[in-house]
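Examination of the molecular architecture
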Amino acid sequence: MNTDDLIARHPAVWAAATNHAFLERVRTGTLPEPAFRTWLAQDYLFVGDLLVFQARLLARSPRPAQAVVAAGAGALVAELAWFEEHAQRLSLKLDVPRKDTTEAYRRLLVRLDQSPYPVAITALWATERAYLEAWSGAAPGAAAYRELVEHWTVPEFAEYVDGLRQAANAALQRADDPRAVEDTFLDVARMESAFWKMALAAGTT
Ligand code: HMH
């Protein structure tokens, strides 16, 4: 099994993770302001949680994967600063509680600390691959969101995701529990769609 197989075997779950009304509204400029603000604050919390997970993953990454995992962790640190700048511009508070979905995603990441390395690196790839596809579908995006869309559609981000794909596929050659890999892939994909749903719901209630 490799990363392509995971997506190919679960087209509906993957489509739900990467296409959502939230993104369509980013594309057309019809996203309610509270939905955007909720997404920004909750994704900031998520990125902090992802950094914790990724730092731990780096500690147990095999030598060939260290560069991509470390570079990604560094990029997440920069991304936190980027979120902080956006929040400041919008006078948005970032020290808000995690909503249920953000908390559930955090717990999934904590659980992955205990998972075999092939499961964890494949989950990281899936998380980032989902964002690349999701934002690519919203491109170029309405003027207000263009900078945001660009952040996850620049060639550097696509190259990073490809590096993760290679690291995951190298690990999957030796994965002794393909079922656990697949289950975790599905968990990540379902968290991704739940995250869009959570953000949009905040703007429509
Ligand atoms: C929910 N998934 C979510 N947020 C992100 N920022 C990424 C993936 C990519 O880092």
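Preceding this section is the structure that the text describes.
A brief look at the structure comes next.

Attention now moves to the environment of L148. Positionally, L148 belongs in helix α8 (residues 146-151). On a C-alpha basis, the gap between L148 and W135 in space is 8.6 Å, while along the polypeptide they are 13 residues apart. Apart from residues no more than four positions distant in its own chain, L148 is found in contact with F36, W39, W82, H86 and W135.

Now for the site of the ligand. Surveying the vicinity of the ligand reveals the residues D43, F46, V47, L50, T127, E128, Y131, E192 and F195. Here a nitrogen atom of the ligand and a side-chain polar atom of D43 are 2.6 Å apart. Here a nitrogen atom of the ligand sits 2.6 Å away from a polar atom, N or O, in the side chain of E192. Of all the elements in the fold, those that place two or more residues in the shell around the ligand are α4 (33-59), α7 (117-138) and α10 (178-204).

Evaluation of the coordinates by the stated rule reveals 23 aromatic pairs. Seen in terms of ring centroids, F46 and F195 are 6.0 Å apart; in terms of plane orientation they differ by 65°. Their pairing is edge-to-face. Placement of the pair is F46 in helix α4 and F195 in helix α10, with a sequence separation of 149 residues. Of the two residues examined, F46 and F195, each falls in the buried class. A connected cluster of aromatic rings, assembled from ring pairs, spans F22, F36, W39, Y44, W82, F83, Y131, W135, Y145, W152 and W196.

Cut-off values and rules
Residues numbered from 1 in each chain as written. Predicted model: local features only at pLDDT ≥ 70, side-chain atom pairs only at ≥ 80, totals over all residues. Heavy atoms only, no water. Helix = DSSP H or I, 4+ residues; strand = E, 2+ residues; numbered from the N terminus. Contact = heavy atoms within 4.5 Å. Near = heavy atom within 4 Å. Polar contact = N/O pair within 3.5 Å; in protein donor to acceptor, adjacent residues only side chain to side chain. Phe/Tyr/Trp six-rings, centres within 6.5 Å; stacked < 30°, edge-to-face > 60°. Buried < 20%, exposed > 50% of the residue type's maximum accessible area, 1.4 Å probe, protein only.

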